[in-house]
Structures are given as C-alpha cells and as structure tokens.
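The chain contents come next:
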Amino acid sequence: MPNYMNKIGGKPQERSSNIELLRILSMFLVLMIHYIPSRTLPTHDTLAHDTLGTLFDLELRSISFVCVNCFILISGYFGIRWKLKSFSNLLFQILFWAIVCPVIVSAATDSFNMTDLFKTLYHNTFSRWFIEAYIGLYILAPMINRFIEKSTHRELGIFILAFYLFSTLFGYLGKAYDFNKGMSIISLVGLYLIGAYLRRKQDSIFDLSKYVYLGVYLVTGFIMVAIAALILKAGFTITPYSYLNPLIVLESIALFLFFKKLNIGSIKWINYIAVSSFAVYLIHNDLSIKPLYCAACDYIEAHYTPSFPYALLFMVGVFIVSVMADKARLFIYKHTLLRLLK
C-alpha cells in the first residue's frame, strides 16, 4: 500500500500508530463482512422467534459496514501522493497474490490447470470492485489533490455536502447504477474528500473528546440495528445496509475521529502489521481462496455453539497468516522490482 508519511523539513516523520491501528481494524472488519453471510439471514421470522440472535446479527453488520469507508478516509486524510515506487508496490502486491494464491491452491489440491489459472488471474485482477476503484482513485488522486489544495474549508465543505446529497438521493435511495451501492470509484472519491476535509478542519465538532466520537459510532450503529429491525418487522426484505447510507458514512467518520484522537504515539508492531494489512483482503478474497474461507465459516456455524467466539479466533488466524505471508512478498519486492526502479 502507499506509504502515507508526513514530512517535516523534508524528512519523513514516523507514522502515527493510532491511524495505523484503524487501518488494521478496517481490514479485519472486511473479514467480518465476508463471514456474516455464513450466519442466519435476519428475516421477519428470525426476529420473531430469535430476537436477540437476530439483533446480534444486525449489530455485526452495523459494526462491520464501516470497513471500506474508514480505509478510504485514511487515504484521504493522509493524501495519496503519486510516486512510481508506491504505485508499483501497490500493483505488485495485487498481481503477486492474484498469481500466487491460485497456484498454491492448485498445488495443494493437485488440480493444476493452466486455463483455470488464467481465468482466476483475470478475475482476481479485473473483477473485484475495490481493486478497480482503488487503482482508479490512485490515478485520479493528483487531480483531486489539486482541487483540495485550491479550495477553502468552506468551499470543500459545501462540495462534500452537495456530493452526499446527490449520493444519498440517487445512489442510496435511487440505486443509480454508477454508484453500485457504494462499490465504485465515485463513492471512494467522496470518502477521500471527507478524509482531506477532516485533516484541514480541526475545530468545532471535529475537536471533541474521543469518547464522544466513540459514542456517536456506537449509537449510530444501534440506530442502524433499530431501522433494520423495524424493516424486518414490517415484512420487507430490503436492507438499509450500504456503504452509501448516510448513517453508515456518519458512523465511519465517528470511528475515524475516535482513532484520530487516540494518543498512542508510534508503536513499531502496529505499524509493522499495518503495512501488510491490505494483503488480508487480497488473499482471503482471492477467487480460489474465498470459497475455502466461506466453507470454513460455514463449518464453524454448523458445528460450534456459540459459534461467534470460534469464528473470531478463525478470523484472527487468517489475518495473522495473511500479514506474515505478505512479509515474504515485501522481501521479494524489495530485492527485485524495487532495485530496478532505483
């Protein structure tokens, strides 16, 4: 991932571990998002016969749906600075795991097929919405940064407000195709702008106690649960959960501001993990590995009661293995492509 290090006097400053901790949490919540479908789908019947279980499942959604939003808020807060070195590292990381994951699975299952490997590589590279959208955001970043630099606080704030009025009306409520429920480059641009605004705006509601922001995050999550429960109770099958939901956006901002206010300095082990956190998404969401991940989640749900503690341990294990595997990828990158770029 790009290295967002502030500079003072031309020298890099150590990364603040509070934001890096949020980066780690965001990627862990992606694991949670992909675990949730293994649990019982909340319906009108489950709400009536297992109220607490259904509310818990809805709360898991409320907690987890901030994952992508927070990850992009971090990018906007630090700013993506276009450098060949960081961009090549991003592309190398994506392509490396897009190739290595299916090769490992094929070797482990003794099902090597060159045609299937090429199909998997194509899917891993071009059919995962976040990869397409994030690379697009990275390419557009210089132009977006120029707009941010030339805008006043008020101009940027008004633009963001207008953007989210449009996003809510046409993207969330109108389900416009271009927004794709928040899984699109246009949605990432909006979050990127909010991240930049939060960096520049340091007063009023953006400079309260961290516990206020944590409270807003939790209360907003409970409100989402209440809304979802009311929808189920009314017998509707629609879901309010979407990256475009203004409450989810508010929840994401509140969680970001909570971590921003944490004063933990620079902690090496947190920064060490955060550098490779994106690999958690790339590995477990690989076309050849995701069915195995989902099957493991299904197995846990079917054979353990209560299942969630075991699922949590499993997700922690997946996270650790993915991060450590990416350290090997970083070693290869530093001793091959990075040397060529010098």
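Shown above is the structure to which this text applies.
All figures in this text were calculated on a predicted structure; none of them were measured in a lab. (Residues numbered from 1 in each chain as written. Predicted model: local features only at pLDDT ≥ 70, side-chain atom pairs only at ≥ 80, totals over all residues. Heavy atoms only, no water.)

Chemist: Sorry if this is basic, but what is going on with the pattern of salt bridges here?
Modeler: Proximity of charged atoms lets side chains of opposite charge pair with each other. Counted by the stated rule, this structure contains six salt bridges. For Arg81, the salt bridge is made with Glu149, and the minimal N-O distance between the two is 3.8 Å. Of the two residues, Arg81 is situated in the loop between helix 4 (67–78) and helix 5 (84–109) and Glu149 in helix 7 (residues 129–150); the sequence distance between them amounts to 68 residues. Judged by relative accessible area, which is 53%, Glu149 ranks as exposed. Among the ionic pairs, Lys261 bridges to Asp207, the shortest N-O distance being 2.9 Å. Of this pair, Lys261 sits in helix 11 (residues 246–261) while Asp207 is found in the loop between helix 9 (185–200) and helix 10 (210–233), placing the two residues 54 residues apart along the sequence. (Salt bridge = Lys/Arg side-chain N within 4 Å of Asp/Glu carboxyl O. Helix = DSSP H or I, 4+ residues; strand = E, 2+ residues; numbered from the N terminus. Buried < 20%, exposed > 50% of the residue type's maximum accessible area, 1.4 Å probe, protein only.)

Chemist: Could you clarify how one ought to interpret the packing of helix 4 against helix 11 in this entry?
Modeler: When two helices pack together, you describe them by how their axes are tilted relative to each other and by the distance separating the axes. Interaxial distance between helix 4 and helix 11 falls to 9 Å at its minimum, and their mutual angle equals 55°. With respect to helix 11, the axis of helix 4 lies oblique. The two elements helix 4 and helix 11 meet at a crossing, and its hand is right-handed. On the side of helix 4, the interface is formed by Asn69, Cys70, Leu73, Ile74 and Tyr77, while helix 11 contributes Ile248, Val249, Ser252, Ile253, Leu255, Phe256 and Lys260. (Axes fitted to C-alpha atoms, helices over the stretch in contact; angles between N-to-C directions. Parallel < 35°, antiparallel > 145°, perpendicular 65-115°, else oblique. Left-handed = near helix turned anticlockwise from the far one by under 90°. Contact = heavy atoms within 4.5 Å.)

Chemist: How should I be thinking about the nonpolar core in this particular structure?
Modeler: Where a protein is soluble and globular, its nonpolar side chains tend to be buried together. Within the largest apolar cluster, 96 residues are counted, with the highest numbers of intra-cluster contacts made by Tyr35, Ile72, Phe130, Leu137, Phe256 and Phe278. Residue contacts for Phe256: discarding those within four places in its chain leaves Ile19, Leu22, Leu73, Ile74, Tyr77 and Leu198. (Core = buried A, V, L, I, M, F, W, Y, C linked by side-chain atoms within 4.5 Å.)

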